[in-house]
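One-letter residues, chain by chain:
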Amino acid sequence: MMEKEQYKIQLPQKQMSEAFINSVFLALSGGFQDAYTYNTRDGVFSNAQTGNVVLMSQHFMTGEWQAALRYLFPLFAFALGVLIAEQIQHYFKYAKKMHWRQGILLIEIVILFAVGFIPAEYNMAATVLVSLACAMQVQTFRTVDGYSYASTMCIGNLRSGMDALSVYMREKKPSQLKKCIYYFGIIFFFAIGAGIGGNLSVRFGIHMIWISCGLLLISFLLMSLEKLK
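In this text the structure is predicted, and so the values were computed from the model without any measurement.

Draft legend 1. Looking closely at the state of the cysteines. With the rule as written, the count across this model stands at 0 disulfides. C213 supplies the cysteine sulfur nearest to C134, a cysteine that is in no disulfide, at a spacing of 11 Å. C134 gets classed as buried once you look at its relative accessible area, which sits at 0%. Cysteine C180 remains unbridged, with the sulfur of C154 as its closest cysteine sulfur at 14 Å.

Below you can see the structure in the form of structure tokens.
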């Protein structure tokens, strides 16, 4: 009996950063950001770097160098964002005053808030900053309830969701169905965020990125509540 109780005590607790409810707000924000830059910042993606690579290559091969650079710089910024987030994790992983993931969320919120003030003449700078923030988010939040996922893009989640569905159809394991639902749930909320972000950005302009800040702030507060508890 004592061995069972000790085993229960030693089980790792789930962190709010990996909870599905937290991933919902991250996915909403991720979709919002991509739609925002595409619709208000010269048709460049902040998250979907595959699309940027396709468009960049197309412009380079037709000699449209200036147009190609619109897609190259966000790509570099995304890579830099991953590097920065990994370095922050390494140096502040055991910080006690604030969880390192919350620190990255605050940095992302500040960056996106600043983007809302950047005028249309500097769209490239705005997209570069959003791509930097997106990369920090996707590097920082990589699991939901133990499943690897991405909060700012869909292709990996779609693959993993269909893989889990295929296994469930064959083995009928509830855990595989749960996994499938999680992945498609993240895709659903990403799509909702993108739809809202695209329509609001087209209608009201560059300041709408501040809604993404609000979504990330909710995620930050959820993690704070866990710490207080």
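Draft legend 2. Summary view of helix α8 (residues 174–204). Helix length check: α8 (31 residues) gives 44 Å between terminal C-alpha atoms against 45 Å at 1.5 Å per residue, within 8%. Where α8 is buried, its residues contact α2 (20–40), β1 (143–144), β2 (147–148) and α7 (155–171).

Draft legend 3. Representation of the pattern of salt bridges in the model. The final tally for this structure, using the stated rule, is 2 salt bridges. Measuring nitrogen to oxygen at the nearest pair gives 2.9 Å for the salt bridge that ties K178 to D145. Of this pair, K178 sits in helix α8 while D145 sits in the loop between β1 and β2, and the two are 33 residues apart along the sequence. Classification of K178 by relative accessible area gives partly exposed; the value is 34%.

Draft legend 4. View of the environment of A48. On the secondary structure map, A48 appears in the loop between α2 and α3 (49–61). Take A48: its relative accessible area is 26%, and that puts it in the partly exposed class.

Draft legend 5. The packing of aromatic side chains, seen in detail. In this structure the tally under the stated criterion is 10 aromatic pairs. For the ring pair F60 and W65, a centre distance of 5.2 Å and an interplane angle of 55° mean the geometry is tilted. By relative accessible area, W65 is classed as exposed at 55%. A network of ring pairs unites the aromatic residues F20, Y147, Y182, Y183, F188 and F189 as a single cluster. Stacked on the ring of Y168, the Lys or Arg K172 has its end atom at 5.7 Å from the ring centre.

Draft legend 6. Just the environment of A125, in detail. Along the polypeptide, A125 turns up in helix α6 (residues 123–140). Its relative accessible area of 39% is what places A125 among the partly exposed residues. Sequence-wise, A125 and V115 are 10 residues apart; in three dimensions their C-alpha atoms are separated by 8.5 Å.

Draft legend 7. Just the environment of L216, in detail. Position of L216 relative to the elements: it lies in helix α9 (residues 209–228). Judged by its relative accessible area of 0%, L216 falls in the buried class. Taking C-alpha positions, L216 is 20 Å from S148, a pair spaced 68 residues apart along the chain. Residues within four places of L216 in sequence aside, it is in contact with L26, S29, Q33, L105, E108, I109, L112 and Q137.

Draft legend 8. Focus on the nonpolar core. Grouped together as the largest cluster of nonpolar side chains are 46 residues, with contacts concentrated most on L105, L112, V115 and Y149. At the level of secondary structure, the elements contributing two or more residues to this core comprise α2, α4 (65–92), α5 (100–115), α6, α8 and α9. Here the element with the most residues in this core is α6; it accounts for 8 residues. If we skip the residues at most four places from it in the chain, V115 touches Y36, R41, A126, L129, V130 and I209. Core analysis: the next-biggest nonpolar cluster, separate from the first, contains 5 residues, M56, A68, Y71 and L72 among them.

So, how was this worked out
Residues numbered from 1 in each chain as written. Predicted model: local features only at pLDDT ≥ 70, side-chain atom pairs only at ≥ 80, totals over all residues. Heavy atoms only, no water. Disulfide = S-S within 2.5 Å. Buried < 20%, exposed > 50% of the residue type's maximum accessible area, 1.4 Å probe, protein only. Helix = DSSP H or I, 4+ residues; strand = E, 2+ residues; numbered from the N terminus. Expected span 1.5 Å × (residues − 1). Contact = heavy atoms within 4.5 Å. Salt bridge = Lys/Arg side-chain N within 4 Å of Asp/Glu carboxyl O. Phe/Tyr/Trp six-rings, centres within 6.5 Å; stacked < 30°, edge-to-face > 60°. Lys NZ or Arg CZ within 6 Å of the ring centre and 35° of its normal. Core = buried A, V, L, I, M, F, W, Y, C linked by side-chain atoms within 4.5 Å.

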